[in-house]
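In case you want the letters, here they are:
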Amino acid sequence: MVPPQGRPMGIDATEGYVLNTEEGRRLLALFDSLTTLNPWRLTGRPFPVVALESANPQADVGAYLDALEQAAFEARIPHISPGLEPAAEDADLRLLDKMSEPAAWRSLRRDFGRLRFPRSDLVKSLEQAIARADANDTSPADEWNAAAASFSSALRPGRAPVWWSVVGVTATALLSGFAQGLADKVTLPALLTGGALLVVLLALLVVVLRPRSWLAILTRVGFGGRYRWFATSSFFSVLGGEGFDGRLKRVLGRMTAKRGADEFRLQLKCFAFLEDVRAAHKRLSPNLRGFKRPVPPVVFLKGITKDNGGIELLSAMSDIRSRRSELHPLLVIASVDHVHRHELDDLAPPQHDIDVSIDDRYDDWEASLGIAQAPSQQVALPWVLRLPIPARRPGRNPPAPLPVRHRPRWTWAWSARSLLVAVLVTVIGVPYLHHRLAARYCEVGFPFAANTDSRLLLDPDGSRECVGIATRGVRFERGVTSIGVDGNRMPPRETADLALSQGRFTLADLESRIDGENRTITRLHQPYVTVLYAGILTAAEGHDQSVVSGIRALAGAYLAQVGNNRTGQPGAVGNRLKIRLLPVNVGENMNFSRQASDAILAVARRDPTVVGVVGMERNTDASQAAITRLNDAGLAVLGTVNSSDRLPQLPHYYGLASTDHDEAALASYAAHQALGGRSSLHAMIVSREPGATKDQYSVELAADVERQLHSARVSTVRYSGADDIGGQIRTACAAAAGDPFDLIYFAGRAEDIYNLINNLGDGGCAKRPLTLLGGDEVARARFGSGQHDVILPPGIKVYFTSATYPSNLTAGGRDRFTPFFTLARNNLGVRPENQALLADGQMALTYDATSVLAQAAQQAFTALAIPAKSGSLIPGSRTITSGSVLLELRSRRWDNAASGAVDFTKDDHDLNGPGNRGLTLVQVTVDAGGTPRYKPVCGRMNGGGKVADLPLCPAEEGSPGR
């Protein structure tokens, strides 16, 4: 603040400090009290219009005003001192225009924010419309409407709430995070199309909001503070008029009337100014501006008279405050010279007693407000406080400076700067954090809602696999295509009837239908238990074939869920206790068994409806540790094709497939049959190294075979993978050129059979008749000349053991009356012509395991005899625990299973299993036309039962029984 020209602020002609007089000290104390930091009560206390008048001609009240202005400047109190124009026309209106200019309050910008006056701008626009109407000889209302229709910068409703721009920036940041989330799951063309549609909608919204005809409606719903004030204030209601246009015409009519127009304009402009000040200190606003402006703004008016408009301004302010009964946070301090003090007599009674202190005068004024504004009182201007100042000699010492006013420290957290930082952090942080979450979890909502039951993990081949549990609709594949049950990729059939698919369905198809079945259970509030299928449902890039068995197994679990839950279709039993099925992905080669078991146990801890796990097919170190951990936690684990010799020892583990020991025993019998009853002269046992996955199946099976295979000489070949087996086989064949192999046992994985067969011929081992034996992994391979078939040379005769040989499962017409085949045909389109889907046994065994687990839960549920209308079982069936299901499992026998009979009554949990699991010995030869011929040699159904028209396979070497 620049001091007035001529003398320093606060010093009068006698070169002293006027605030060091008795009146000066009291006046400074009153000023200090009225401008004390008070963000909580600022708008709830009255502020007077103070008129400092000279009690005698020698009193220089202007010096007191200058001293107070200097004190305000040093204390950083927001203030202005508009210059008064002597004897100017419409001086009072011009004075209000100066006070309502944002530039006049520029000093406030740093600490308390720049004041804005939208209502005063609206009144100015009405005056401008009147001026244009006079010049153009048109109607003021038409001129104003023409200007408002374009929503110019001075009239646009959106200009009043400045925070709208901040909302727009924040919305842009959030939309960018949303786009980042969509980009992970939506194709680029679809994302661009959605963005274009959003831009079109925003443009349409802008067009809709531009017409002037919407203005009246928008004011009612809170769009534009100035227009809402104009449309709703009772100050204008008394003028009459229907609607916004009617009120506009009435107001413009009063402003241009022949009588009282100037007085009305003064009242209107003063009202608009005071309301702008009050709105600028409103606490409950989007930017909390009332808390940021804890002191009232001060207006200093030096030397007011009737000619310069100062007296009329004080009169108008007091009138508006009395009429509106509003407390406006504005302090006005004016000075009146001795020769003009009589002009105040019409505003407030003169103060003749100068011995009354300033404090007492203020207290009397504040006490009089309660009655002075009453309708029955005839007090001219109760808001004017006259303070007569006598002539005193100023003191030599300056008074102590007022404490510096500042906004509360905590409000800086809600400021433009902090908001800018927040917006920048949001713009950068939201996409970044969302991207980090999207790189870690399979399903991430906006902005940070991540499903932690499944996560993306890096496999040994460098591919990212979605591992965990498919809760809340998680899909293990995030592309537009999905792995089909035949190993080929294809688009999912989201709404198609899979019964018409002829067995050509995908992993995504199964997941969507399982999720739909689960939603039906929870939506209908049916009692249920939760069964988790854990298997290989994803693989590294280019290894889709290794997922096929997992898809088939999941299909079997889905058929068991449908058969248990539904009624009114063949094969479905419609149990009261429903099955909620959750797929669990353990990754290629079961690499992520530990992480999957972590997720299973986490879900089981929070969801007591979890009663067991089916699947866990591969026998690796990781899967054994995971199964042991689940067993120790009290969860039933029903293995499907896991042939481990050791796992059957676990008390809560039930395997449905024959163990490696059983397969090795049958291999010994197969070798005896293939060699015409003689022993092998030179046998080769081919096994796969455990490698990084710690696969135990191949090592364990090879060891079992070596113990039971009677051969004069046994050579072992170990390979590390599909790209290593060829070299190892060629080397072994070359080394045995003088002592050729007559028997080879393959204990590796199905995906390695291609290279095994090819390199047996290239290495020279197939030059002489050769017998190739294998376990259940060979059953997964398909011999022939198709895209995914293994070409079998004529000189090689193959024997393999199968836990679920398809022709055995359908023998005796079982495909017509067994529920599994009926459900597979009616729900997935699996028919006799595509029974290759059943060759690996995954679908049938997983169906059996899931069904038996469901039956055990239903039996425990039935034993409780809970009334059908009981609400204690919702959600889920919390009374059926994993422990009660375990008690039922050990006594379960189901004779109508897909694989024969599921009989757990003979499971004593010993090494090598109970020995009553299904197993068939199959011979494969090639005819003269190169077509492979499959011939079952002997077999037994699951549970130890006989296959129709097929000899029983012995448990040890010997002749088959009948």
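Preceding block: the structure.
Asker: So what about helix α3 (residues 91-99)? Which residues, and what values?
Answerer: Those residues of α3 that fall on the buried side of the exposure criterion are Ala-91, Asp-92, Leu-93, Leu-95, Leu-96 and Met-99. Check the buried side of α3 and you find it contacts β2 (79-80), α12 (261-280), β3 (298-301) and α14 (310-324).

Asker: Lay out the sheet that holds strand β12 (residues 610-615) with the relevant residues and their values.
Answerer: In spatial order, the strands read β6-β7-β11-β10-β12-β13-β14; together these 7 strands make up an open sheet with mixed pairing. In the strand order of this sheet, the two ends are held by β6 (454-458) and β14 (653-655), each with one partner. Taking the axes of each pair of neighbouring strands and ignoring which way they run, one obtains an average angle of 25 degrees across the sheet. As paired elements, β12 and strand β13 (residues 636-639) share 4 bridges and run parallel to each other. Residue Val-613 lies in a different strand from β13, and its bridge partner there is Val-637. The sheet strands contacting helix α17 (residues 507-523) are β10 (528-535) and β11 (578-585), and the helix crosses β11 at an angle near 140 degrees. Strand contacts of helix α29 (residues 842-864): β10, β11, β12 and β13, with the helix running at about 165 degrees to β12, the strand carrying the most contacts.

Asker: Describe in detail a negative patch on the surface, supporting the description with residues and values.
Answerer: On the surface, Asp-360, Asp-363, Asp-364 and Glu-366 cluster together to form a negatively charged patch. Within the secondary structure, Glu-366 sits in helix α15 (residues 358-372).

Asker: Can you lay out the nonpolar core for me, pointing to particular residues and giving the numbers?
Answerer: Counting 74 residues, the largest nonpolar core has Phe-505, Leu-638, Phe-820, Leu-828, Met-843 and Leu-889 as the members making the most contacts within it. For this core, the element with the most residues is α29, which contributes 12 residues. Look past the residues within four positions of Leu-638 in its chain and what remains in contact with it is Val-613, Val-614, Gly-615, Tyr-654, Ala-849, Leu-853, Leu-889 and Phe-904. Counting 56 residues, the second-largest nonpolar core is a separate cluster that includes Phe-264, Cys-270, Leu-274 and Val-336.

Asker: So, the packing of aromatic side chains: which residues are in play, and what are the values?
Answerer: This model, assessed by the stated rule, comprises 17 aromatic pairs. With a centroid separation of 5.7 Å and an interplanar angle of 35 degrees, the aromatic rings of Tyr-362 and Trp-365 are classed as tilted. Of this pair, Tyr-362 and Trp-365 are both found in helix α15, 3 residues apart, which corresponds to roughly one turn of the helix. Trp-365 carries the same exposure label as Tyr-362, and that label is buried. Consider the rings of Phe-820 and Tyr-847, whose centres lie 5.1 Å apart with planes at 50 degrees: the pair is tilted. Note that Phe-820 is positioned in helix α28 (residues 819-828) and Tyr-847 in helix α29, a separation of 27 residues in sequence. Since its relative accessible area comes to 0%, Phe-820 is described here as buried. Take Tyr-847: its relative accessible area is 4%, and that puts it in the buried class. Ring pairs connect the aromatic residues Trp-229, Phe-230, Phe-235, Phe-236, Phe-264 and Phe-271, which therefore count as one cluster.

Asker: Could you give me a rundown of the pattern of salt bridges, with the residues and numbers involved?
Answerer: Under the criterion given, the structure shown has 39 salt bridges. Residues Arg-489 and Asp-544 are paired through a salt bridge, measuring 3.0 Å at the closest nitrogen-oxygen approach. One end of the pair, Arg-489, is in strand β9 (residues 489-490); the other, Asp-544, is in the loop between β10 and α18 (548-565), with 55 residues separating them in the sequence. Given the relative accessible area of 43%, Arg-489 is considered partly exposed. Beyond isolated ion pairs, a larger network of salt bridges with shared partners links Glu-53, Arg-341, Asp-345 and Arg-386.

Asker: Explain the sheet that holds strand β15 (residues 683-688) residue by residue, including any values.
Answerer: The 7 strands lie next to each other as β16-β15-β17-β18-β19-β22-β23, forming an open sheet whose pairing is mixed. Lying at the two open borders of the sheet, with one neighbouring strand each, are β16 (714-719) and β23 (932-940). Going across the sheet, the axis of each strand differs from the next one's by a mean of 20 degrees, ignoring polarity. As paired strands, strand β17 (residues 743-746) and strand β18 (residues 770-774) are joined by 4 bridges and run parallel to one another. Note on β18: the bridge partner recorded for Tyr-745 is Leu-773. Relative to the sheet, helix α22 (residues 697-708) contacts β15, β16 and β17, its axis offset from that of β15 by approximately 160 degrees. Helix α23 (residues 725-735) contacts β15, β16 and β17 of the sheet and is inclined by roughly 155 degrees relative to β16.

Conventions used here
Residues numbered from 1 in each chain as written. Predicted model: local features only at pLDDT ≥ 70, side-chain atom pairs only at ≥ 80, totals over all residues. Heavy atoms only, no water. Buried < 20%, exposed > 50% of the residue type's maximum accessible area, 1.4 Å probe, protein only. Helix = DSSP H or I, 4+ residues; strand = E, 2+ residues; numbered from the N terminus. Contact = heavy atoms within 4.5 Å. Pairing = 2+ DSSP bridges. Axes fitted to C-alpha atoms, helices over the stretch in contact; angles between N-to-C directions. Patch = residues over 30% accessible without salt bridge, like charges linked within 9 Å, V, L, I, M, F, W, Y side chains within 5 Å. Areas by Shrake-Rupley, 256 points an atom, 1.4 Å probe, with all protein chains shown as cover. Salt bridge = Lys/Arg side-chain N within 4 Å of Asp/Glu carboxyl O. Lys, Arg positive; Asp, Glu negative; His and termini not counted. Charge placed at Lys NZ, Arg CZ, Asp CG, Glu CD. Core = buried A, V, L, I, M, F, W, Y, C linked by side-chain atoms within 4.5 Å. Phe/Tyr/Trp six-rings, centres within 6.5 Å; stacked < 30°, edge-to-face > 60°.

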